[in-house]
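Residue-level structure breakdown
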Amino acid sequence: MKPAEQSHPGPKADASSCELAVIGTGLAGLAATLFASEKGIYTAQIGVNAGIIHASGFLDLMGVHPIADGRVWENPWEAIDAVTTDIPDHPYARLPQADIRQAFDIFMNLMKAAGLPYRYQPDANSRVITTLGTLKPTYGVPESMYKGTEALKTQKKCLMVDFWGLKGFSAVQLEEMLRDRWPGLQSVRIAFPEVGPSVDLYPEKMARALELRTHREDLAREIRPHLNGAEIVGMPAIFGIYHTREVMADLAALIGADVFEIPTIPPAVPGLRIKEMMEAQIQSKGIPLFAQKRVLQVNHDNDGGFVLDIGEPATQSISHRLHAQGVILAGGRFLGGGLYAGRKKIVEPLFGLPVFQPPERTQWHCSQVFDPRGHPVNMAGIEIDDAFRPLDDSGKPAWKNLYAAGAILAHQDWMRMKCGAGISIATAYGAVNAFAMNARP
Amino acid sequence: MGLIESNSLKTQVLIIGGGATGTGVARDLALRGVNCILVEKKDINAGASGANHGLLHSGARYVSNDPESAKKCMDENRILKQMAPDCIEDTGGFFAAVQGDDERFVADFPTYCEKAGLPCTPMDIKDAREQEPALSEKTIAAYAVEDASIDPFKLVLENITHAQQLGCQFFRNTKVTGVKKSGRQIKAVELLDKDSGKAFCIETEMVVNATGAWAGQVAGLVGADIDVIYSKGTLLITHNRMTHRVINRLRPPSDADILVPGGTVSILGTTSARMKTLEDIRPTVEEVDYIVDEGAVMLPALETKRYIRAYSGVRPLVGTGSQGNDRSVSRSFDLIDHAEDDIDNFVTITGGKLTTFRLMAEKTADLVCDRLGVSTPCQTRTTSMLSHHETQWAVPGFSSRMWLEHHDPDDLLLCECEMVPQSAIEEILASFHVFEKEADLNGISKRSRVGKGGCQGAFCSIRIAAFLYDRGVISANEGIDNIRDFLNARWKGQQCLLWDMPMAAAELQEAMHCGLFGLELR
């Protein structure tokens, strides 16, 4: 894949109309755009990068249910069965498991083709190592991190490396946290090859540095004396941004031991990789992308379509007007701006859709931050029909060709259920298919 | 190590309670050469001393209903401005009335002040609004008074640090479990070290109960009876500072009528609600909404302001009966000699306010010294508070100012919101050596701005935990427990004000600490 030279190029074509407008550039928005484009739907995408840069790179499918019991499922498909039985309005209940699998397979293949290969066991969750040293249940694991999961499972002799000047990533912490499960674990702190005058190291800068072979050679030279028989070396996620496979393979060869990554505190390199890769994909397909822009206002045309006024979020000045036959609303929750919490209630600011929510703010959150029941507000969101169309106050689709996907949907708590990526990918797939069925029969 | 394990600790005075009063008594006694030990079941400022306005009263708040307290406030205000200038920002204050406020009270205010002997300068309304543009355009009267803002954390840290230098010992996380008595005398106090789970005793000649709202509970352990009424007050912290001065609503003391600047933020409060118990005191959504609505009458920008935190403290009101408004009760303090309860060497000091903490300590120490036969007079009227470097980190704006002025090129910012560097954490860790215990995240947070900025601990908790592992301060999975406890402590003040931006920040925190790290799964 060709590295993107610029992070945020303007729209490629000065698009004034499209079949489908995707609002949101998080995982759901990006997946929807790619799925629609695969189907030959003329699509445009609008959004600021709020959420996706916080992605860890792990693609959760379904891990925990019921939340209150903290039950972690080994088989995510059985977990989906359970959650859709217990919560019939859960977004996963809107499409058959075969479609969820199909969506995941297509998505994984896209990632692989774009140079970000994933590993997953078809019917099992994996336990991955986090920067805190906890083990997280997830489904799709970037290849660069999966080796760590395997090494832990097979108890390979491992050296955990961290760096002077890199905050919030401690090899000693990982050793302390994992020592009971991983007796052969050692740790060392080394200096990162000189990349600039600043002592404060940032993973993105380190990852960019390692795209160059000379820095990889320097790094390997620093690590080798500490190997002490280690078969594998763990590091923060810094194996390049655009050429992770090559960087990883080269580092392993230079060090003389396998290597793997652990994602650092968000926003981190794995999220950046996904964002850059997806944007490059979208550009290469000639899809108009209004990056770092928001839809400021929506009007409706006479044919049941939408007129989107697009502009700068900061100044609220409108720079583009886009006609779209259909819209997929994938703006995320509060961080992404898809939902807005006022002092009295939660609203969906763009279409004024009803938001399923607790009756009063007093009931939004529990008094303990880690209350095992989860916070009720995290189940709030947009309610949809089986065609992913948001419902109005009377329970009917609000608009014939308005669809919603991703974290904005109600009746799921992706953070506690560990189903964020899965919901994004599956509902994006469902919404695109529904649009295709509905708008172009 | 020896101290705790030897089981044979002895002191002249055992002080219970690590708030402003307890640490003030410790410093006062230490300055008189009296040997003392202070024990605290949590950490410094765990009660009302850490949950107040940070207001150094001019006294004007009390001129109408409690002129005696007003006068005491004025005197102490002036002493503290001389003796503890590093803990105080001499902002000055306004009393301002808006349309609809009681005009009679407005008209009488200068007379009340004059009667109490308090300076009060009438302001031209245009001038007042020019000097404080946040004031409502409906302002109808304004007076300037000598209010100031005082940093309760720095104040208490200075008190205890000075006392420790003079030989006082301080045990944190140490709870009183009982006493050994002989006749009318307490011989020893029984304690529990909550970190190690070990019980131990301290033999003492006098016991001072300076436990604020908990005074009744502690007195009960000794066999004395105090009727303490709990009056809860809730306050809000704005994201940035809104005024230069303290702004008081010019009306009889009521809810949400004072805004106090504190470094880079402002603090709005308070409320007054009777509580039956001291368990789980926390601000509520209803209180927060009420404070915002009330405050916005005087300062309209409060309506749309971003708030970063809320907190609640409990005022202990002693012997006031059960009727009437808690605000009409004297804010003067209570020094109780329990000789009346047949215990000759036990005194309780409670009530009062932050502004009068020094006077409360003086009166208590006078009584204690009288019993001990110590004739050295009080020194705190004339002895300046020292300013210890490690106590500065608690002051809003200090660490960012230090960082921007100069920092070592090897240093790293572990808290990026409030700009607290690794070197500050090192200094705080070093200051813990006197406890013979290691620091935890909550202890570090008490002594710095860590967790008090925009992220409310979501990010800095991870960076500091990693640093504590690197330094060998924590091991095994203690870091996870530290982060969980710390975030839960921060949550207490966040949960009730999660709308607008803070809602997005809370979502990000949940996504990281639950979604990614799975900290709820244990």
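Note that this is a predicted model, so its numbers are computed, not measured. (Residues numbered from 1 in each chain as written. Chains lettered and ligands numbered in written order. Predicted model: local features only at pLDDT ≥ 70, side-chain atom pairs only at ≥ 80, totals over all residues. Heavy atoms only, no water.)

To continue, consider the sheet that holds strand 10 (residues 258–262) of chain A. Residue and element names in this part refer to chain A. The four strands are arranged 8-7-9-10 in an open sheet whose pairing can be described as parallel. Strands with a single pairing partner mark the edges of an open sheet, and in this sheet they are strand 8 (185–190) and strand 10. On average, each strand axis in the sheet is tilted by 25° relative to the strand beside it, whichever way the strands run. Where strand 9 (residues 232–236) lies against strand 10, five bridges are found, and the strand directions are parallel. Residue pairing in the sheet places G234 in a bridge with F260 of strand 10. (Pairing = 2+ DSSP bridges. Helix = DSSP H or I, 4+ residues; strand = E, 2+ residues; numbered from the N terminus. Axes fitted to C-alpha atoms, helices over the stretch in contact; angles between N-to-C directions.)

So, about the domain arrangement of chain A. Residues and elements named next belong to chain A. Under the domain assignment used here, chain A contains domain 1 (17–114 + 271–439) and domain 2 (131–262). With centres defined by C-alpha atoms, the gap from domain 1 to domain 2 works out at 33 Å. The partner domain 2 presents 19 residues to the 15 residues of domain 1 that form the contact. Of the roughly 1,300 Å² buried between domain 1 and domain 2 on both sides combined, carbon and sulfur atoms contribute 62%. The three residues of domain 1 that bury the most area against domain 2 are F58, L272 and R273, which together make up 46% of that side's buried surface. Linking domain 1 to domain 2 there are two salt bridges. Between the two partners, domain 1 and domain 2, sit 10 residue pairs in polar contact (both at pLDDT 80 or more). When residues of the side of domain 1 that touches domain 2 are traced back to their parent elements, those giving at least two are helix 2 (76–86), helix 3 (97–113) and helix 9 (269–284). Among the residues making up the side of domain 1 that touches domain 2, the classes are represented as nine nonpolar, two polar and four charged. (Domains from an automatic or database assignment. Contact = heavy atoms within 4.5 Å. Buried area = accessible area lost by both parts, 1.4 Å probe. Salt bridge = Lys/Arg side-chain N within 4 Å of Asp/Glu carboxyl O. Polar contact = N/O pair within 3.5 Å; in protein donor to acceptor, adjacent residues only side chain to side chain. Nonpolar A, V, L, I, M, F, W, Y, C, P; charged D, E, K, R; others polar.)

Further remarks concern the interface of chain A and chain B. With 53 residues of chain A in contact, the opposing surface of chain B contributes 53 residues. Across the chain A to chain B interface the summed buried area is about 4,600 Å²; carbon plus sulfur atoms make up 64%. When the buried area of chain A at its contact with chain B is split by residue, R343(A), R361(A) and F370(A) rank highest and sum to 17% of it. One salt bridge in this structure joins R361(A) and D289(B), with 2.8 Å as the shortest N-O distance.

Here the focus is a positive patch on the surface. All names here are of chain B. A cluster of basic side chains, namely K42, K175, K194 and K492, defines a positive patch on the protein surface. Here K42 shows up in the loop between strand 2 (36–39) and strand 3 (55–56). K42 sits in the partly exposed class, given a relative accessible area of 44%. (Patch = residues over 30% accessible without salt bridge, like charges linked within 9 Å, V, L, I, M, F, W, Y side chains within 5 Å. Areas by Shrake-Rupley, 256 points an atom, 1.4 Å probe, with all protein chains shown as cover. Lys, Arg positive; Asp, Glu negative; His and termini not counted. Charge placed at Lys NZ, Arg CZ, Asp CG, Glu CD. Buried < 20%, exposed > 50% of the residue type's maximum accessible area, 1.4 Å probe, protein only.)

What follows covers the domain arrangement of chain B. Residue and element names in this part refer to chain B. Split into domains, chain B comes out as domain 1 (2–48 + 153–227 + 331–372), domain 2 (57–64 + 73–149 + 230–318) and domain 3 (389–516). For domain 1 and domain 2, the distance between their C-alpha centres works out to 31 Å. Where domain 1 abuts domain 2, roughly 1,700 Å² becomes buried across the two surfaces, and 68% of that area is made up of carbon and sulfur atoms. E76 is the salt-bridge partner of R358, the closest N and O atoms lying 2.8 Å from each other.

Inspection of every chain in the model, using the stated rule, returns 59 salt bridges over all chains. One salt bridge connects R333(A) with E507(B), and the closest N-O pair in it is separated by 3.5 Å. Residue R333(A) is found in the loop between strand 14 (318–329) and strand 15 (340–341), and its partner E507(B) is found in helix 15 (residues 501–516); the two belong to separate chains. Via salt bridges that share partners, R343(A), R361(A), D289(B), D293(B) and E303(B) belong to a single interconnected network.

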